[in-house]
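# Breakdown of the fold
The primary structure of each chain is shown beneath.
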Amino acid sequence: MLFNSIEFLIFFPIVTFLYFVLPHKMRWFLLLAASCGFYMAFIPIYILILFFTIIIDYAAGIIIENAEGRRRKMWLVISIVSNVGVLAFFKYFNFLNTNLTDLAQFLHWNYPVKNLGILLPIGLSFHTFQAMSYTIEVYRGNQKPERHLGIYALYVMFYPQLVAGPIERPQNLIHQFREKHVFDYTRVTDGLKLMLWGFFKKIVIADRLAELVNQVYDHSHQYHGVQLIIATYFFAFQIYCDFSGYSDIAIGAAQVMGFKLMDNFNRPYFSKNIAEFWKRWHISLSTWFKDYLYIPLGGNRVGKSRWYFNLFIVFLISGLWHGANWTFIVWGGLHGFYLVSSIWTEKLRHSVVRSLGLDRHPTLMKYTRAFITFHLVVFAWIFFRASSIREAMYVVTHLFSGLSFAGMLNGLGLDAFQFAFAICSILFMEVIHLMQRHRKMRHFFSEKPWWFRWAVYYALVMAILFFGKTGQQQFIYFQF
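Throughout what follows, the structure given in this document is the object of discussion. (Residues numbered from 1 in each chain as written. Predicted model: local features only at pLDDT ≥ 70, side-chain atom pairs only at ≥ 80, totals over all residues. Heavy atoms only, no water.)

### Quick look at the overall build of the chain
Within the chain, the regular secondary structure consists of 19 helices and zero strands. A globule of 480 residues ought to have a C-alpha radius of gyration of about 23 Å, and the chain, at 24 Å, matches this closely. When its C-alpha atoms are laid out on the principal axes, the chain stretches across 70 × 65 × 50 Å. Within the chain, counting contacts between residues at least 6 apart in sequence, those at least 24 apart form 76% of the total. In the form shown here, the chain has an accessible surface area of approximately 23100 Å², with 67% of it arising from carbon and sulfur atoms. (Helix = DSSP H or I, 4+ residues; strand = E, 2+ residues; numbered from the N terminus. Rg over C-alpha atoms; globule rule 2.2 N^0.38 Å. Contact = heavy atoms within 4.5 Å. Areas by Shrake-Rupley, 256 points an atom, 1.4 Å probe, with all protein chains shown as cover.)

### A word on the side chain of H181
Within the secondary structure layout, H181 lies in the loop between α7 (170-173) and α8 (185-217). One polar contact links H181 to Y19, side chain to side chain, over a distance of 2.9 Å. Ignoring anything within four residues of it in the chain, the contact list for H181 reads Y19, F20, R27, Q176, M257, G258 and F259. (Polar contact = N/O pair within 3.5 Å; in protein donor to acceptor, adjacent residues only side chain to side chain.)

### Comments concerning the packing of helix α4 (residues 70-106) against helix α5 (residues 124-140)
The contact between α4 and α5 brings their axes to 10 Å, and the two run at 175°. It follows that α4 is roughly antiparallel to α5 by the angle criterion. In contact with R72, K73, L76, S79, I80, N83, V84, V86, L87, F90 and K91 of α4, α5 contributes L124, S125, T128, A131, M132, T135, I136, V138 and Y139. Along the lines of polarity and charge, the residues of the contact of α4 with α5 split into 12 nonpolar, five polar and three charged. (Axes fitted to C-alpha atoms, helices over the stretch in contact; angles between N-to-C directions. Parallel < 35°, antiparallel > 145°, perpendicular 65-115°, else oblique. Nonpolar A, V, L, I, M, F, W, Y, C, P; charged D, E, K, R; others polar.)

### Quick word on the side chain of R267
Tracing the chain through its elements places R267 in the loop between α9 (226-257) and α10 (274-280). Buried charge without a salt bridge: R267, with E276 as the nearest opposite-charge side chain at an N-O distance of 7.1 Å. The residues touching R267, leaving out its near neighbours within four places in the chain, are R280, H433, Q436 and R437. (Buried < 20%, exposed > 50% of the residue type's maximum accessible area, 1.4 Å probe, protein only. Lys, Arg positive; Asp, Glu negative; His and termini not counted. Salt bridge = Lys/Arg side-chain N within 4 Å of Asp/Glu carboxyl O.)

### Things to note about α9
Taking 1.5 Å of rise per residue, 32 residues should cover 46 Å, and α9 covers 46 Å from first to last C-alpha, within 8% of that figure. Counting buried positions along α9 yields 30 of 32 residues, so the element is predominantly enclosed. G258 lies just past α9 and shows a positive phi near 105°. (Expected span 1.5 Å × (residues − 1).)

In structure tokens, the structure reads:
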């Protein structure tokens, strides 16, 4: 079930109403049943995959607590292998098999294995990582195993963040399912406002930008110069509004019922370096890789060469997590290269800044660094969006060919008004982000007269109804 669907507009208020009117002891069952229905709205049979991993991880958590020595580690390995195995089969089998087929053809070997005709379960990577964090935390002694199977299943399947995060930790979420949440007007309205903002970003900005981005990147060889540049900039904002919009709706929907999910985005395009960008973008995934991969590899507590290797391998795996395509691996590798290069050249860059006297202009330096970081990120998005390395290289090599603004909107899928409206929507969003530097927008609006607040809410609703992209456009990160 998509958040931006009529079904969800019916589903959400009914589930929320029942949640508050039912006795506390029955609420977990309501949420679990609603989460099952939510997930089965996509491909019903795939819920069996979730049940399979839930049973294994539930049992593994209890056994790990009672086991000692190698037996504890064995059950942790069983849990991880089960989760990763399911993910690898559905997400990476065809990718690996295609590459082996190409290699066999190159070497003139007989390789008869065919690709499987399977679809990737919605949000498989997200709930797989959330489930893995549970058994790892139990193994580390940071989380007591959950003995209520229904509560544990709800931890994995909680519908607001089931298919695209945030990827929660058991310490943050499980105990909340046992807490009694009463109806609180301020909390409920704050959650609804966050959902409204998420719908605006998704339906008005992301889905409108997608029309141009899809037109250009799906037929990239028909475009060059300014048209490719526009599509690349637009994709940067499309993917941000699409994914952060989902997170806002998920966090807001949970907040309405009294649950607190972790923030997943914090104005990432205002970052002043790549390390800061990854502290602001997809925060739940970045911290997952830091805690469960980067630190176990040794983090920065090793020699420099090994430190650089740790950073680079984490970003390569992060790229592969996003998709079974060499384009995602290159995208991850680029971010790894950015980060390692920034560390390696840090002293040199500071020396150049001091020698030029730029350190006496901190504001200028701040905006310059943000400008450079943003464009490094935008360049990497080319490989994320392109369907193949060949398509990505075409875009890269033709960004500045035949630069001309004459007829730049021809064949882009948006007329002049729609294009101008898209630009204005992005600017409006960034103004809001600038206003959020020091405090949340809900605090800002709470100080304003009621007529001002409702005028803004009304404007957002009208923008969604009249300027939003019609039709149920799937969220980009559902494919991961």
